[in-house]
Amino acid sequence: RKGFGSMLRAAHAAKDAGLQSMRSPAGGKLLRSVLFSPGASEKRMAKAASLACDGVILDLEDSVAPDAKVQAREAVGRILASQDFGDKTVVVRVNALNTEWGRRDVAAVVEWGRVDAIAVPKVECAEDVHDIERSMRRAGGGSSSLPIWAFVETAKGIIGAPQIAECEQVTALAVGCNDLTRDLGARFTPDRAPLLYSLSAAVVAARAGGVVCLDGVPAKVWPSEEELAAECAQARDLGFDGKTLIHPGTIAAANAAFCPTDEEVDFATRVVEAASRARESGEGMCIVDGLLIEELHVDHARRLIEVHAAAQRA
């Protein structure tokens with residue numbers, strides 16, 4: 001992984017692009033690792049509460065067979081009523097509204113009320129978000145401010161991502177890499193080269209909209225340590241805040257990849273301290289390890305420190 005000094009040099013080069021990296025999500029809660037847990041399995045949902053992931057998505061969509069959708073919805077309701085997930089971010093992914101289960105899923109999530117957000121699959125435009133908002137308002141008796149995680153999983157979703165991220169209740173964009181690869185007619189490759197444009201486009205949209213951006217699940221259910229580390233590092237380098245996962249064995253790698261190293265934290269701390277001394281002397285810039293430090297780099301350093309502090313608390 002690149003040291004913070006190298007990242008800072010890149011930040012100098014990208015100054016005009018308004019580089020943002022290693023964000024600390026709203027409220028200081030990390031989303032380095034977000035584990036899908038199938039709604040049809042109360043055992044696996046309960047187990048997720050004890051794992052080291054930052055977030056859990058109780059899934060009513062892809063992981064649940066059509067003839068088990070209703071039972072899964074009931075199981076998720078029972079788990080939310082009985083299971084303590086601690087400080088984890090808890091999200092329920094509903095079925096699309098154009099399915100026979102979608103609107104009842106939305107109504108149930110609003111009724112339960114014990115979730116941090118509702119995740120919506122295959123969002124392609126702002127109107128799809130507004131449709132979810134209307135469904136939540138109807139279920140909530142005229143009002144519902146539940147945050148929305150929008151999954152962009154198609155070519156239209158990537159094109160519409162900037163407008164989706166600007167929607168008031170959207171707090172996260174998540175890329176559905178497997179569905180997106182199929183929709184593009186692209187090939188599955190270890191380096192994900194066919195997806196790089198789409199992945200970067202999602203990050204750009206999220207940054208412009210001020211929301212969190214999550215990478216998709218690994219292409220392999222059981223990737224090797226090297227494959228998983230490379231995919232997580234790539235997502236981190238692209239600017240993602242974290243990664244969605246489907247296997248508990250991948251959590252540690254994601255947590256490590258989306259957290260700054262001790263070297264990066266040390267350099268970031270020295271940057272903040274040097275900038276503070278410079279301001280006290282009436283100077284707008286300073287030099288650390290031969291690098292010119294401006295406010296852009298100080299903001300970046302503070303974000304690194306915030307992420308590190310949040311990881312220490314996790």
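Residues numbered from 1 in each chain as written. Predicted model: local features only at pLDDT ≥ 70, side-chain atom pairs only at ≥ 80, totals over all residues. Heavy atoms only, no water.

### Digging into the overall build of the protein chain
For step 1, the next point in the chain: On a plain count of helices and strands, the protein chain comes out with 12 helices and 10 strands.
For step 2, the next point in the chain: The proportion of buried residues among the 314 residues of the protein chain is 53%.
For step 3, the next point in the chain: Within the protein chain, contacts between residues separated by at least 24 positions form 70% of all contacts whose residues are at least 6 apart in sequence.
For step 4, the next point in the chain: For the protein chain, the accessible area works out to roughly 14,400 Å², and carbon and sulfur atoms hold 52% of it.
For step 5, the next point in the chain: Seen as two clouds, the 36 positive and the 44 negative side-chain charges of the protein chain have centres 2 Å apart. (Helix = DSSP H or I, 4+ residues; strand = E, 2+ residues; numbered from the N terminus. Buried < 20%, exposed > 50% of the residue type's maximum accessible area, 1.4 Å probe, protein only. Contact = heavy atoms within 4.5 Å. Areas by Shrake-Rupley, 256 points an atom, 1.4 Å probe, with all protein chains shown as cover. Lys, Arg positive; Asp, Glu negative; His and termini not counted. Charge placed at Lys NZ, Arg CZ, Asp CG, Glu CD.)

### Digging into the nonpolar core
For step 1, the next point in the chain: Core analysis: the biggest nonpolar cluster contains 63 residues, and Leu58 and Leu173 have the highest contact counts within it.
For step 2, the next point in the chain: Take this core: its biggest share by element is 6 residues, from helix α8 (residues 196–209).
For step 3, the next point in the chain: If near-sequence neighbours (up to four positions away) are discounted, Leu58 is found in contact with Ser37, Met45, Val76, Leu80, Phe85, Val90, Val91, Val92 and Arg93.
For step 4, the next point in the chain: One finds Phe151, Ala172, Val212 and Leu214 within the second-largest nonpolar core, a separate group that totals 14 residues. (Core = buried A, V, L, I, M, F, W, Y, C linked by side-chain atoms within 4.5 Å.)

### Details of the packing of aromatic side chains
For step 1, the next point in the chain: Within this structure, the stated rule accounts for 1 aromatic pair.
For step 2, the next point in the chain: Seen from their ring centres, Phe36 and Phe151 are 6.0 Å apart, and the 50° between their planes marks the pair as tilted. Taken together, the residues span a long stretch of sequence, with Phe36 in strand β1 (residues 33–38) and Phe151 in strand β5 (residues 148–152) at a distance of 115 residues. Each of the two residues, Phe36 as well as Phe151, counts as buried.
For step 3, the next point in the chain: Looking at Lys69, its charged tip hangs above the ring of Trp101, at a distance of 5.3 Å from the centre. (Phe/Tyr/Trp six-rings, centres within 6.5 Å; stacked < 30°, edge-to-face > 60°. Lys NZ or Arg CZ within 6 Å of the ring centre and 35° of its normal.)

### Side note on helix α3 (residues 69–82)
For step 1, the next point in the chain: Look at α3: 20 Å from first C-alpha to last across 14 residues, which is about the 20 Å you get at 1.5 Å a residue.
For step 2, the next point in the chain: Listed in full, the buried residues belonging to α3 are Lys69, Ala72, Arg73, Ala75, Val76, Gly77, Ile79 and Leu80.
For step 3, the next point in the chain: On its buried face, α3 sits against α2 (42–48), β2 (55–59), β3 (89–93) and α4 (102–112). (Expected span 1.5 Å × (residues − 1).)

### Details of the packing of α4 against helix α5 (residues 126–139)
Two quantities define a packed helix pair, namely the angle between the axes and the distance from one axis to the other.
For step 1, the next point in the chain: Where α4 meets α5, the closest approach of the two axes is 9 Å, and the angle between their N-to-C directions is 55°. Between α4 and α5, the angle falls in the class oblique. For the crossing formed where α4 meets α5, the hand is right-handed. Contacts between α4 and α5 involve Arg103, Val106, Ala107 and Val110 from the former and Asp131, Ile132, Ser135, Met136, Arg138 and Ala139 from the latter.
For step 2, the next point in the chain: The class makeup of the residues in the contact of α4 with α5 is 6 nonpolar, 1 polar and 3 charged. (Axes fitted to C-alpha atoms, helices over the stretch in contact; angles between N-to-C directions. Parallel < 35°, antiparallel > 145°, perpendicular 65-115°, else oblique. Left-handed = near helix turned anticlockwise from the far one by under 90°. Nonpolar A, V, L, I, M, F, W, Y, C, P; charged D, E, K, R; others polar.)

### Topic: the environment of Arg32
For step 1, the next point in the chain: You can see Arg32 is positioned in the loop between α1 (4–13) and β1.
For step 2, the next point in the chain: In sequence terms Arg32 and Ile251 are 219 residues apart; their C-alpha atoms lie 8.7 Å from each other.
For step 3, the next point in the chain: The contact partners of Arg32, leaving out residues within four places of it in the chain, are Asp54, Asp241, Gly242, Lys243, Ala254, Asn255, Phe258, Cys259, Ala311 and Ala314.

### Regarding the packing of helix α11 (residues 262–280) against helix α12 (residues 295–313)
For step 1, the next point in the chain: Between α11 and α12, the shortest axis-to-axis distance is 8 Å and the interhelical angle comes to 135°. Of the possible angle classes, the one that applies to α11 and α12 is oblique. The interaxial crossing formed by α11 with α12 has left-handed handedness. Here Asp262, Glu264, Val265, Ala268, Thr269, Val271, Val272, Ala275 and Arg279 of α11 lie close against α12, whose contacting residues are Glu295, His297, Val298, Ala301, Arg302, Leu304, Ile305 and His308.
For step 2, the next point in the chain: Per-class residue counts for the contact of α11 with α12 are 9 nonpolar, 3 polar and 5 charged.

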